Amino acid sequence: PRRRPRRRPRRPNVLLLLTDDQDVLLGSLDFMPNLRRTLTSRGVTFRNAFVHTPICCPSRTSILTGRYLHNGGLAINNTVEGNCYGR
C-alpha cells in the first residue's frame, strides 16, 4: 500500500510592528489618524500587558532578542544624539 505524504500543520503568519511613543493617556495617536485607523481596525490591543523594563530602547531590545535587560547588555535609553547605544 502506498503511503500518503504527511501534511505539516500550517503555522500562523505573525507580523510584529513596533511603534514608538504611542501613549494612550497623552493621546499620541490622535495626531496620526492613518496609523490609528490601521492599528485599531487590523491590529490587536493588549489591555492587560506587562513588560519587565518599561523604557524605550531596553524594552525593544528585550522584545527583539528575547533576553532580559540584565542579560542583554543594553541598560541605556535614548541619548542626546537620539540613539539607543549610549554613544
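Residues numbered from 1 in each chain as written. Predicted model: local features only at pLDDT ≥ 70, side-chain atom pairs only at ≥ 80, totals over all residues. Heavy atoms only, no water.

## Section: the overall build of the chain
A tally of regular secondary structure across the chain gives 3 helices and 0 strands. Seen in sequence order, the chain has helices and strands lined up from the N terminus as α-α-α. Expressed as a percentage of the 87 residues in the chain, the buried residues total 11%. Of the accessible surface of the chain, which amounts to about 8,900 Å², a share of 54% is contributed by carbon and sulfur atoms. (Helix = DSSP H or I, 4+ residues; strand = E, 2+ residues; numbered from the N terminus. Buried < 20%, exposed > 50% of the residue type's maximum accessible area, 1.4 Å probe, protein only. Areas by Shrake-Rupley, 256 points an atom, 1.4 Å probe, with all protein chains shown as cover.)

## Observations concerning the pattern of salt bridges
Within the structure shown, the criterion is met by 1 salt bridge. A salt bridge links Arg36 to Asp30; the nearest nitrogen and oxygen atoms lie 2.4 Å apart. Under the relative-accessibility criterion, Arg36 is labelled partly exposed at 36%. (Salt bridge = Lys/Arg side-chain N within 4 Å of Asp/Glu carboxyl O.)

## With respect to the confidence of the model for the chain
Scored by pLDDT, the chain has a mean of 76; 79% of the residues are at 70 or more. Of all secondary-structure elements in the chain, the lowest mean pLDDT belongs to helix α3 (residues 69-72), at 73, while helix α1 (residues 33-42) reaches the highest, 82. (pLDDT = per-residue confidence, 0-100.)

## Comments concerning the environment of Thr65
Here Thr65 lies in helix α2 (residues 56-65). In this structure the side chain of Thr65 is engaged in a polar contact, spanning 3.2 Å, whose partner is the backbone nitrogen of Arg67. (Polar contact = N/O pair within 3.5 Å; in protein donor to acceptor, adjacent residues only side chain to side chain.)

## So, the side chain of Ser59
Here Ser59 is to be found in helix α2. Judged by relative accessible area, which is 14%, Ser59 ranks as buried. Not counting chain neighbours up to four residues away, the residues in contact with Ser59 comprise Val51 and Thr53. (Contact = heavy atoms within 4.5 Å.)

## Looking at a nonpolar patch on the surface
A surface patch of nonpolar side chains, amounting to about 400 Å² of accessible area, comprises Leu16, Leu18, Ile63 and Leu64. You can see Leu64 is positioned in helix α2. Leu64 sits in the exposed class, given a relative accessible area of 63%. (Patch = residues over 30% accessible without salt bridge, like charges linked within 9 Å, V, L, I, M, F, W, Y side chains within 5 Å.)

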